[in-house]
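Chains, contacts and geometry: an overview
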Amino acid sequence: MELALAFHHAVRGEDQGLAATIDRLRVLTATGDFAYFTDIAHFMGALPLPGPSTIRWTTSEDDVRGAWRGLVQTRQEHLLAGN
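Report follows, based on the coordinates.

About the criteria used
Residues numbered from 1 in each chain as written. Predicted model: local features only at pLDDT ≥ 70, side-chain atom pairs only at ≥ 80, totals over all residues. Heavy atoms only, no water. Helix = DSSP H or I, 4+ residues; strand = E, 2+ residues; numbered from the N terminus. Rg over C-alpha atoms; globule rule 2.2 N^0.38 Å. Buried < 20%, exposed > 50% of the residue type's maximum accessible area, 1.4 Å probe, protein only. Contact = heavy atoms within 4.5 Å. Areas by Shrake-Rupley, 256 points an atom, 1.4 Å probe, with all protein chains shown as cover.

Tallying secondary structure elements over the protein chain gives 4 helices and 0 strands in all. A compact globule built from 83 residues would reach a C-alpha radius of gyration of about 12 Å, and the protein chain, at 13 Å, matches this within 12%. Out of the 83 residues belonging to the protein chain, those deemed buried represent 28%. Pairs at least 24 residues apart make up 38% of the contacts formed inside the protein chain by residues separated by at least 6 positions. For the protein chain, the exposed surface amounts to about 5600 Å²; the carbon and sulfur share of it is 58%.

So this is what it looks like as structure tokens:
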């Protein structure tokens, strides 16, 4: 649910909400389970990672970042076209 909320905040450009969600994700994934959610939330918001990632992606990190950011941008464009 937190990852979906991160997407929502990223689409709406709500930086404080996104930061708070990332903080909650960091706590929820502290054991290592689903730790990639925190990276994805950063990618959606076009934010730098706070440090080197421990995640091993199946493609490059840049490709993953671009894909997640692209989803946000596509949704933003859709919302603008609807207004």
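A word on unusual backbone geometry. In this structure, Phe 34 is a non-glycine residue whose phi angle is positive, near 60°. Structurally, Phe 34 can be placed in the loop between α2 (15–28) and α3 (36–44). On the accessibility criterion, Phe 34 (48% relative accessible area) is partly exposed. Backbone geometry places Ala 46, a non-glycine residue, at a positive phi of 55°.

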